[in-house]
Structure formats: C-alpha cells, structure tokens
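The lines below spell out each chain.
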Protein chains: 2
Amino acid sequence: MTVAQRASDRAPAAHAPVQRSGPAGGVGSAAPASAEQAVEDLRAFVGDDLAGVNAVILEKMQSPVALIPQLAGHIVAAGGKRLRPLLTLAAARMCGHRGRRHVLLAACVEFIHTATLLHDDVVDASDLRRGRATANAVWGNKASVLVGDFLFSRAFELMVSDGSLDVLRILSHASATIAEGEVLQLVTANDMATDEAAYLQVIESKTARLFAAASQIGAVVAGRPKGEEAALEAYGLNLGMAFQLVDDVLDYAARQAELGKAIGDDFRDGKVTLPVIFAFARGSEEERSFWRRCLEEQSYTDEDLLRATDLLVRHDALQGAMAVARRYGETARSALAVFPASEGKRVLGGLVDFCVARAY
Amino acid sequence: MTVAQRASDRAPAAHAPVQRSGPAGGVGSAAPASAEQAVEDLRAFVGDDLAGVNAVILEKMQSPVALIPQLAGHIVAAGGKRLRPLLTLAAARMCGHRGRRHVLLAACVEFIHTATLLHDDVVDASDLRRGRATANAVWGNKASVLVGDFLFSRAFELMVSDGSLDVLRILSHASATIAEGEVLQLVTANDMATDEAAYLQVIESKTARLFAAASQIGAVVAGRPKGEEAALEAYGLNLGMAFQLVDDVLDYAARQAELGKAIGDDFRDGKVTLPVIFAFARGSEEERSFWRRCLEEQSYTDEDLLRATDLLVRHDALQGAMAVARRYGETARSALAVFPASEGKRVLGGLVDFCVARAY
C-alpha cells in the first residue's frame, strides 16, 4: 500500500500549531502535558508486557562473545522510548490477543530497530544519540556493523522460533525497505534537487515502514481479519511519517538537552529534509546559493547553521513541515476507525499527539 | 553440533602435503589439475541450476534505488566461485530433489555471503578482493553497509517466500553465528594470546557454519531424513574449516595474481591465524617479540612481512596448518559415507580436493 496522504506544502494546517517560545519560532521545544500523558497511558495499557520485552532483549542479546552484549547493552541501556515495540504490544492487546507471542515479536522489532541505529551510526558518523556517545564512537565502525548484524540475525532466529510465516513476511519486507530507504537517503543527501516526493519516499522507507509492520503484526498474532491488519498497517505507516517529519523539524528547532542530540546534525550531514525543501523553494536566488553551498558542498560555519534556522523560520518552513506531520497524524488516527471504542484504541490514538507534539 | 575433529598441531598429517615450488616453501601456490577438475565436475553436475542461481541473484538485487543494483552488481560481477550456492545445488540434487526450490535457496545463501563480504570490506579496510577494488573503496563505508543490509534482508524475504521454517531456522542461525564469528575475530585480532581453540572457533563461526547450512538445506528441500541432513551439515562444516584454513595459509603463501588479493592482508590486519599461532608457539623469545610488535602493536615494515613468511616456513607453520586442513577435509569426505555411491557424492567428495589444494 502507499501512504494514504501525500501532503503538499501549500495546504493550510488542519490545526494551528501550538505556539511556544522555543529557539526556532515556537515549534515543539517542549512536550505538552497531553503528549507526555499519551506515552504514560500507552505504558499503563501494556502493563508488564514492556518489562517482558526488556527481559527478552536482555536474554537474547547474550553471546559467548562478550563484546556483543557489551556493545548491544550500551545501545539498549540508552533505552529510548521503545516506541516500536510498544506499538506491537498495544496493537496486539487492542486486538484481543491474550498470549505471550507479541512480547517476543515486539523484542524482534526493537532488535531490528537497534541494528538499524548501529548501522546508522556508522553511516552518519553522528557524535551524539540520546545524549550519549554512540557505540561507534566507543568501539569503532567494525564492531557496530557486526553487532548490528548479530542483532538483526537474532531477530530473525526469534521470529522463526515463533513460527508465523506472515510475521516473517511482514518484517523481512520491512527490513529490506528500511535498507532501501537508508540508501535512498544517502543518494539524496547533498543534492538540493531532492523534492518533497523523494523526501517522503525516504522517510516512508527508513522509518514509517517499521512503524507499520510493528503495528500490523499486533493484528497478525491476534488472528484478526485482513481488514484490521491493513488498518493497523495504515495507522503505523502514517504515524511513522508524522514521527519522522517532527524528528526532522526538531533537528533545527529542539534544544539539545531535550532532544538528546546535537542541533543541526542533519544540516552537517547535508540531509535534504522537508523544512529545507520548503525554505529552498521559497527562497531568493541568493538563499538557494546559500543552501547549495552548505548542504551540497558541505562548506559552512557555525553562523551558517544560525542563518539556516533563521531562513527556515522566516519562510514558515518548520511550521509547514509540522503541518504536514499533523496531517499524517490525522490520517493515522482515522485508520483506527474500523476498531470499536476501547482503551487500546484510545491510547493508540493518543500516541498521535505524542508523535506530533513531542519535544524529546 | 560441534566440529567433528579438533585438530592439534602435534599430530602428523594423514597425508604428506603436495610439494610445490611456490614462494613460501611449496604450499599450494598452484592448483593441481585434479582440484580444477573437481570444480568443473561440480558445475557439470548441477547443470543449468547455476545459471538459474545467477538469474535469481540478478533479478532479486534490483531496486528502484539505483545505487543498490549498481553496488551489488559490482560485487556480484566480481563473481567468485559461487562455492556456497554450488553446495546447496549439488546437495539437493544428490538427495534426489527434482524441483526448483534449491535454486532460489542457493541464491539466498549467496546473498548472505555477499552481505558478509560487503560488511567485511568495511571492517578490514582491505584494498583488494579478487583483484578488484572493493565496493567500499568505490562507494564508501556507508553504501557498503546499507547495500549489505538490503541483500541480507532480501535473502530472508526470499526464504520466507519459499515457506520452509526449517530452512529459515538453519539460515537465520547460521547468520547469527557468522556475525558472532566476525566479532570474535575482531576481538582476537592483535592479541597473540589467541590460541588454536579460539582460532578454530572463529573460522567455524565466520566461514564453516554457512558451508554447513548451505549443504544441509539441500537435504531439507529434498525432504530427506534427519540423518542425511546431519551428514550434509557435517560435510559442509568440515569442508568450510578446511577451506578457511587453506585461505589463511594462502594469505602468506599465494602469489597475488593467483589469489586475487594482496599477500599479507591478514598480517597487516593483525589477524592471528593458525600458521601464526604455530610459528609463535615454536619460536624463540626474540621471535615472539617480533610477532607481538607486528600483530599486536601493528608496527611493521615490508621487510617484516618477508621475515614473518620466512618464520612460518622455517617452523613448518604453513605445512602444519595445511595438515590440519587436510584432516578436516578427510572428515568432510567421511561424512558422506551415509549416502550411496552416485555422481553427486563423487563431485561433493571431489570438492574436498579443491578446497585443500586450491590456489586461487
């Protein structure tokens, strides 16, 4: 399936963005109480299952080769929000699943995500992730690549032990798509000819497809009809689009302490994200030269990052990308319409608020 | 299962090594006619199946993201011997399989191997592989890691489409073991305390397990009893041990034009392979200091590589490792005893000659 809604930068936002006094024109520099509450509600809804996922992760990342649990433990300890496994847990529960299979499969989803992070660290040479030194910076490229491979293979071993070819099909396809998206991101970096469609393709592949798969397999383990599988897939896909769009806005707008990574990572990597695409399209010829010099030629100073942020604000580019994110969020929420009202449906719907309004 | 035979450097070789006038004391610097014939026999036995594997590889490495087939095509075009998929093809045929599933699965085996090569290129920063610039040298670390991830995920997608959980179990376990072996190799590099047992564990994990899995799944697709599966697994495992042992000897003994990679790659990477372990154990205190300086501290000159090769010859370390390889080869051949005489059994047995006597 394709993303339900290809957003345009022209359409007005369905809702006015929450105004805030952040450093970049008031875009999402602090999470509203409702967003924090959404994650709390989600965790409360899945109960002990999340602890179960963490236990599986800890057990299954073990190896007689000590460096593997050491390095994997570093990135697992970094924690993160466990958003993707939470999707599997909550979707399975909402669909009435009463067994334990979803806990194992949620751990597989997190392993795939973690492997991607480890390989992404190699790729982007980023210095900070969630405020800690990356595994790559501590142990080097070699170990990060290989431990990522181990976690990825281990995820497939675990899925095989679960025994569902449907789940294997969904997650192996998601994995191939992630890799395709990461390569496409590599190809479109440092290229100001990248347009909105190419950008959306990148984030759909590298981020949204795993959100979609994580949600969909919740319906699969519960043995729900294809229509419900498809609804959860659409929910996850659009939620993932919103999540990544906001992530790319926060790269220019968040405060480092809140986001846990350096402002401007994407700028320094020459990634052509939607805010940049908007500002470039709306900018003067001189401004376009500026963007080309910074992102294509990778020739910039600290002042240039300040100017970039200033241009993004001046051209409403951050607000524009947030509007696109909100529309994906609404589509995600709509996808849940096929399910009857329940606490599970409520917390999954609430997660849209978190993704769109989060600030960390 | 464990490797059937843990070789010791003390035991005499079952057969005297073939003497040759190579640069390093006569160890395998040219393939005897019988070794070349063994590979020809194998290719003749599988007939069109190998062309079928190449067609599947070419088709399934395609992606709308052009860099993926470009980069994958580079390493696929480099070709290699397709030894691992040939094992699957020949084992399936020997077991009486008459369908086409083995062709698809053999392509999966090659994808897993190719992904490992791509990630290994990142790891070892090696400059030459099979006489060509590595993908890494042409496209960079990022692309090599990500295209490797794509091929690896694609292999699992294809296995899922085949639908055998047994095959998935075998190959996902092999993949996790390969990654473990690669990490163990990383940990034992630059450490002269690495002993024969640790070395054998590395090569069993990083190389022999995929040979074992490639052979075993031939019996699985043919629906043969567990005993035959186990026999083919043991055959592949021991063959893979022999193959890697010879590879590690050739790193010091082969001529570059024949091996297609630079002599001394392992030396420069500080890999502690069996020849080095033997020479270190048999050397004087001064020689041990030499090995420590070169491999642990990575401080060496071109003359040091010549001296290293000289020490390996003087202490019969290359011959000693070849003797170990031959014993694994004999164990591989013995594992085929459960099968009745057939052309398939003959060519698989003949492959042992190739692995032990090959020079390219």
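Keep in mind it's a predicted model, so treat the numbers as computed, not measured.

Basis of the calculations
Residues numbered from 1 in each chain as written. Chains lettered and ligands numbered in written order. Predicted model: local features only at pLDDT ≥ 70, side-chain atom pairs only at ≥ 80, totals over all residues. Heavy atoms only, no water. Axes fitted to C-alpha atoms, helices over the stretch in contact; angles between N-to-C directions. Helix = DSSP H or I, 4+ residues; strand = E, 2+ residues; numbered from the N terminus. Contact = heavy atoms within 4.5 Å. Nonpolar A, V, L, I, M, F, W, Y, C, P; charged D, E, K, R; others polar. Expected span 1.5 Å × (residues − 1). Buried < 20%, exposed > 50% of the residue type's maximum accessible area, 1.4 Å probe, protein only. Phe/Tyr/Trp six-rings, centres within 6.5 Å; stacked < 30°, edge-to-face > 60°. Parallel < 35°, antiparallel > 145°, perpendicular 65-115°, else oblique. Left-handed = near helix turned anticlockwise from the far one by under 90°. Least-squares fit on C-alpha atoms with pLDDT ≥ 70 in both. pLDDT = per-residue confidence, 0-100. Buried area = accessible area lost by both parts, 1.4 Å probe. Salt bridge = Lys/Arg side-chain N within 4 Å of Asp/Glu carboxyl O. Polar contact = N/O pair within 3.5 Å; in protein donor to acceptor, adjacent residues only side chain to side chain.

(A) Inspection of the packing of helix 12 (residues 274-282) of chain A against helix 13 (residues 285-296) of chain A at higher detail. All names here are of chain A. The contact between helix 12 and helix 13 brings their axes to 8 Å, and the two run at 145°. Counted together, Val276, Ala279, Phe280 and Ala281 of helix 12 and Arg288, Trp291, Arg292 and Leu295 of helix 13 form the full contact between these two elements. Of the residues in the contact of helix 12 with helix 13, the class split is six nonpolar, no polar and two charged.

(B) Just the environment of Ala91 of chain A, in detail. Relative to the helices and strands, Ala91 of chain A resides in helix 4 (residues 83-94). Excluding its chain neighbours within four sequence positions, the residues that come into contact with Ala91 of chain A are Ser215, Gly218, Leu232 and Leu348 of chain A.

(C) The arrangement of helix 7 (residues 165-188) of chain B in detail. Residues and elements named next belong to chain B. For helix 7, built from 24 residues, the straight-helix expectation of 34 Å at 1.5 Å per residue is met to within 8% by its first-to-last C-alpha distance of 34 Å. In terms of burial, helix 7 is largely enclosed, as 18 of its 24 residues are buried. One or two residues past the end of helix 7 sits Asn190, with phi positive at roughly 60°.

(D) Highlighting the packing of aromatic side chains. Tallying each qualifying case throughout the model produces 12 aromatic pairs over all chains. Each ring, one from Tyr252 of chain A and one from Phe267 of chain A, has its centre 6.5 Å from the other, and the planes form 80°; the classification is edge-to-face. You can see Tyr252 of chain A sitting in helix 9 (residues 226-253) and its partner Phe267 of chain A sitting in helix 11 (residues 265-269), a full 15 residues away along the chain. An identical accessibility class is assigned to Tyr252 of chain A and Phe267 of chain A; each is buried. Note on Phe211 of chain B and Phe243 of chain B: the rings are 5.2 Å apart at their centroids and 40° apart in plane angle, and the pair reads as tilted. Taken together, the residues span a long stretch of sequence, with Phe211 of chain B in helix 8 (residues 196-221) and Phe243 of chain B in helix 9 (residues 226-253) at a distance of 32 residues. When sorted by exposure, Phe211 of chain B lands in the same class as Phe243 of chain B, which is buried. Members of the aromatic cluster, each reached through a chain of ring pairs, are Phe152 and Phe156 of chain A together with Phe152 and Phe156 of chain B.

(E) Expanded view of the packing of helix 7 of chain B against helix 8 of chain B. All names here are of chain B. With their axes 8 Å apart at the nearest point, helix 7 and helix 8 run at an angle of 165° to one another. Regarding the angle of helix 7 to helix 8, the classification is roughly antiparallel. As helix 7 runs across helix 8, the sense of the crossing is left-handed. Listed contacts from helix 8 to Asp166, Val167, Ile170, Leu171, Ala174, Thr177, Ile178, Gly181, Glu182, Leu184, Gln185 and Thr188 of helix 7 are Ala198, Gln201, Val202, Ser205, Lys206, Arg209, Leu210, Ala213, Gln216, Ile217 and Val220. Residues of the contact of helix 7 with helix 8, tallied by class, amount to 12 nonpolar, seven polar and four charged.

(F) Seen up close, helix 12 (residues 274-282) of chain B. Residue and element names in this part refer to chain B. Buried residues dominate helix 12, accounting for seven of its nine residues. Here helix 12 has its buried residues at Leu274, Pro275, Val276, Ile277, Phe278, Ala279 and Phe280. Each element contacted by the buried residues of helix 12 is listed here: helix 8, helix 9, helix 13 (285-296), helix 14 (302-314) and helix 15 (317-335).

(G) Main features of the relation of the copies chain A and chain B. At an RMSD of 0.0 Å, chain A and chain B line up after a rotation of 180° and a shift of 0.0 Å along the axis. Taken together, the rotation and translation relating the two chain copies correspond to the operation of a two-fold axis.

(H) View of the confidence of the model for chain A. Residues and elements named next belong to chain A. With 83% of its residues at a pLDDT of at least 70, chain A reaches an overall mean of 86. Confidence drops under pLDDT 50 across residues 1-31; counting only partners more than four residues distant or on other chains, this segment forms 84 contacts. Low confidence marks residues 123-132, where pLDDT is under 50. Its contacts with residues over four positions away, or in another chain, come to 34 contacts. Scored as a whole, the predicted complex attains pTM 0.88, and scored at its interfaces, ipTM 0.87.

(I) Highlighting the interface of chain A and chain B. Contact residues are listed per partner, giving 37 residues for chain A and 37 residues for chain B. Where chain A abuts chain B, roughly 3,400 Å² becomes buried across the two surfaces, and 77% of that area is made up of carbon and sulfur atoms. A per-residue breakdown of the area chain A buries against chain B is headed by Lys142, Leu146 and Glu180 of chain A, which together make up 17% of the total. The tally of links from chain A across to chain B stands at zero salt bridges. One can count six residue pairs in polar contact (both at pLDDT 80 or more) joining chain A with chain B. Broken down by secondary-structure element, the contributors of at least two residues to the side of chain A that touches chain B are helix 3 (67-78), helix 5 (101-124), helix 6 (135-162) and helix 7 (165-188) of chain A. Here the side of chain A that touches chain B is composed, by residue class, of 22 nonpolar, eight polar and seven charged.

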